[in-house]
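Structural description and commentary
The residues making up each chain are set out below.
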Amino acid sequence: MTAPILVFDSGVGGLSVLGPIRSLLPGLGIVYAADNAGFPYGTRSEAEIAARVPALLGRLVERFRPQLVVIACNTASTIALSHVRAALDVAVVGTVPAVKPAAERSLSRVIGVLGTAATVRQAYVDRLSAEFAGDCLVLRHGSARLVTLAEAKLAGETVTAEDVAPELRGLTDQPGGDRMDMVALACTHFPLLQDELAAAATQPLAFVDGGAGIARRVAHLLGPDAGQRAGQGVPLPGRAVFTRADAHVDALARALQGFGLDSTEIL
Ligand code: DGL
């Protein structure tokens, strides 16, 4: 049997990346790992993330021997991707804030970057903005609340447009925000709330994230064999791994099954 791929996040956010991967490559074995003991990453320091993520991924790679690792987390990728690549002897795909596609599609030339506080303050976002959105006003807002709300939604709680609206206002209330027409969802938790965010919008807004692009990158790296299996129907069952047992993990079981993750274990 071929080795699985490992999809990693602090919590359920990486499911917004796993979804497109499974649609494109249903024949892949999947291990979905969530560092719920370290959650949330977005309010942690750079030093904490840079130390924690490579060490944990090292343990996961040793245990599951994946053929490829996807860091399905903007916070971990923008801070720790180079450390992870240096530490691991396996291909690693990171998640890049979707500044480029947002700028490509913006007519008003005002775009928003909605991520965690840790992500939106990274120089990496400055570089992406300079390279791909040089003629745009790039507004940024860091939200821990949306991360919590996405976890709650997938645990079966009701989340409404009213719940997410203040976070969107974190962008639209900034100078020039009334002209913003594209929002890069630069935290993988946020596409899980895209319907609520769209319902909360008080001006024409489109949202873009990196999920589909990451799936294409994975398909490219794994080569034509993995691509061929995409045509063969029912996805293989995957497994979810958490770093701590708690009631929230139990509450996520149904949502995990919806993404083909039929069993859960604790690392
Ligand atoms: N899903 C993560 C991201 O893409 C971070 C969520 C968190 O742990 O704060 O940034």
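Scroll up a little and you will see the structure.
Now for a quick tour of the structure. Quick caveat: nothing in here was measured; it's all calculated off a predicted structure.

**Focus: the site of the ligand**
- Looking at the ligand, there are 14 residues lining it, with Ser10, Tyr41, Gly42, Asn74 and Thr75 nearest.
- At a separation of 2.6 Å, an oxygen atom of the ligand approaches a polar side-chain atom of Thr75.
- One nitrogen or oxygen atom from the main chain of Thr188 is found 2.8 Å from an oxygen atom belonging to the ligand.
- When isolated, the ligand has an accessible area of 300 Å², and the protein chains bury 99% of it.

**Some details on the environment of Ala240**
- You can see Ala240 is positioned in strand β9 (residues 238-242).
- For Ala240 and Tyr32, which are 208 residues apart along the polypeptide, the C-alpha to C-alpha distance reads 4.7 Å.

**With respect to unusual backbone geometry**
- Note that the residue after Phe39, namely Pro40, is joined by a cis bond; omega there is -5 degrees.
- The topology assignment puts Pro40 in the loop between β2 (30-34) and α2 (46-64).
- A positive phi angle is found at Arg65, which is not glycine, with a value near 45 degrees.
- In this structure, Arg65 sits in the loop between α2 and β3 (68-71).
- A positive phi angle, near 65 degrees, is found at Arg109, a position not held by glycine.
- For Arg109, the location among the structural elements is in the loop between α4 (99-105) and β5 (110-115).

**Let's talk about the nonpolar core**
- Judged by nonpolar contacts, the single largest core of 55 residues is most densely connected at Ile5, Ile21, Leu28, Val70, Leu114, Leu197 and Val218.
- Beyond its immediate stretch of four places on either side in the chain, Val218 contacts Ile5, Ile21, Leu25, Leu28, Leu68, Val70 and Val93.
- Ala33, Ile71, Cys73 and Ile79 belong to the second largest nonpolar core, which has 25 residues in total.

**Some thoughts on the environment of Glu104**
- For Glu104, the position within the fold is in helix α4.
- Sequence separation between Glu104 and Leu154 is 50 residues; the distance between their C-alpha atoms is 31 Å.

The rules we used
- Residues numbered from 1 in each chain as written.
- Predicted model: local features only at pLDDT ≥ 70, side-chain atom pairs only at ≥ 80, totals over all residues.
- Heavy atoms only, no water.
- Near = heavy atom within 4 Å.
- Polar contact = N/O pair within 3.5 Å; in protein donor to acceptor, adjacent residues only side chain to side chain.
- Areas by Shrake-Rupley, 256 points an atom, 1.4 Å probe, with all protein chains shown as cover.
- Helix = DSSP H or I, 4+ residues; strand = E, 2+ residues; numbered from the N terminus.
- Core = buried A, V, L, I, M, F, W, Y, C linked by side-chain atoms within 4.5 Å.
- Buried < 20%, exposed > 50% of the residue type's maximum accessible area, 1.4 Å probe, protein only.
- Contact = heavy atoms within 4.5 Å.

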